[in-house]
Number of protein chains: 2
Amino acid sequence: MSLTSDIIRGHTETIILAQLLHHDSYGYEINKSIRDRTNGDYEAKEGTLYTAFRRLEQAGYIRSYWGDESSGARRRYYGITDEGRAYYQENKEDWLKIKGIIDRLIEADTTEGGN
Amino acid sequence: MSLTSDIIRGHTETIILAQLLHHDSYGYEINKSIRDRTNGDYEAKEGTLYTAFRRLEQAGYIRSYWGDESSGARRRYYGITDEGRAYYQENKEDWLKIKGIIDRLIEADTTEGGN
DNA sequence: CAAAATACCTCGTCTGTCAAGGTATTTTCT
DNA sequence: AGAAAATACCTTGACAGACGAGGTATTTTG
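Residues numbered from 1 in each chain as written. Chains lettered and ligands numbered in written order. Predicted model: local features only at pLDDT ≥ 70, side-chain atom pairs only at ≥ 80, totals over all residues. Heavy atoms only, no water.

### Observations concerning the sheet that holds strand E3 (residues 76–80) of chain B
Residues and elements named next belong to chain B. Within the open sheet, the three strands sit side by side as E1-E3-E2. Their pairing is antiparallel. On the outer flanks of this sheet lie strand E1 (25–26) and strand E2 (62–66), each paired with one strand and no other. The sheet contact formed by E2 and E3 spans five bridges and is antiparallel. Pairing of Ile62 across the sheet is with Ile80, part of E3. (Pairing = 2+ DSSP bridges. Helix = DSSP H or I, 4+ residues; strand = E, 2+ residues; numbered from the N terminus.)

Structural data, given as structure tokens:
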């Protein structure tokens, strides 16, 4: 269990949605984007990524379509839906809340006080 | 999937260890402590808690012993080991790092810039 | 022409979470 | 005294997300 894995579990969907906020993109590029933004600290595994795409699409949070590349390998592009934006927003708020909870519980030493 | 569940997944062990940093404690009390420290926002489920205890003990991060209560129900106390403290410390550092990564990826909109 | 890179995808395994079920004792309420 | 709630422990099985391993096809590079 590296840095990532269980700890990032559950954030994959939100991370993907975040990459789609400003422009449509495709799997390979999204993955690279994630790697770049974290300076290589985190990289989504392909299996994880594609299962997440399926989930998000089934839930109606993203739409997909084939790009019409005249050269290069075919690409499946993904675009975020309105529902996806709402879902992203919720998740982001949850994250801010949970961050606080974990901080409290982990740093948590009561530093004297109570009882 | 409530606020907690997948998102907190992976932090359970660290949260438990944190509760044991300053004094030994037992399952029920640890659970209450978690609930109290988060004002009820988070509560570990019993199943999750006890499986985590088993894992932590097998890994040598905590030790357990039966309390000699003369009244009240029997209690199994847990104490953190030196290895547990080290593990806690690592996890805490990982958390700080991951927090930054997720923040970057979720807030992530590059806010113009790159490329 | 072979190898590497781009680009897609699925399947099966693993692991942590948790609902549901269970035991035993003590306290509180009526 | 008896019932209900609280304290306190525990296990089992199902579920879901992550991911290693495997696979296809095209294009670029050497």
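### Brief notes about the environment of Arg76(B)
All names here are of chain B. By the secondary structure assignment, Arg76 is in strand E3. Arg76 gets classed as partly exposed once you look at its relative accessible area, which sits at 27%. With residues up to four places along the chain from it excluded, the contact list for Arg76 reads Ser25, Tyr26, Gly27, Arg54, Ser64, Tyr65 and Trp66. Within the structure, Arg76 has its side chain in polar contact with the side chain of Ser64 (distance 3.1 Å). (Buried < 20%, exposed > 50% of the residue type's maximum accessible area, 1.4 Å probe, protein only. Contact = heavy atoms within 4.5 Å. Polar contact = N/O pair within 3.5 Å; in protein donor to acceptor, adjacent residues only side chain to side chain.)

### Regarding the sheet that holds strand E2 (residues 62–66) of chain A
The strands making up a sheet associate through hydrogen bonds between their backbones, and the pairing can be parallel or antiparallel. Residue and element names in this part refer to chain A. If you trace the three strands from one edge of the open sheet to the other, you get E1-E3-E2, paired in antiparallel fashion. The two strands at the open ends of the sheet, each matched to only one other strand, are strand E1 (25–26) and E2. Where E1 lies against strand E3 (residues 76–80), two bridges are found, and the strand directions are antiparallel. Counterpart to Tyr26 in the pairing with E3 is Tyr77.

### Considering the protein's contact with DNA strand C
As a structural note, the neighbourhood of DNA strand C is formed by 25 residues, with Tyr28(A), Arg75(A), Arg76(A), Arg9(B) and Thr12(B) the closest of them. Considering the 4 Å shell around the protein, atoms of DNA strand C inside it are sugar or phosphate in 68% of instances. At a separation of 2.5 Å, a phosphate oxygen of DNA strand C approaches a polar side-chain atom of Arg76(A). One of the side-chain nitrogen or oxygen atoms of Thr12(B) is found 2.6 Å away from a phosphate oxygen of DNA strand C. The set of elements that each furnish at least two residues to the surface near DNA strand C consists of helix H2 (27–37), helix H3 (46–58) and E3 of chain A together with helix H3 (46–58) of chain B. Tallied by class, the residues present in the surface near DNA strand C amount to seven nonpolar, nine polar and nine charged. (Near = heavy atom within 4 Å. Nonpolar A, V, L, I, M, F, W, Y, C, P; charged D, E, K, R; others polar.)

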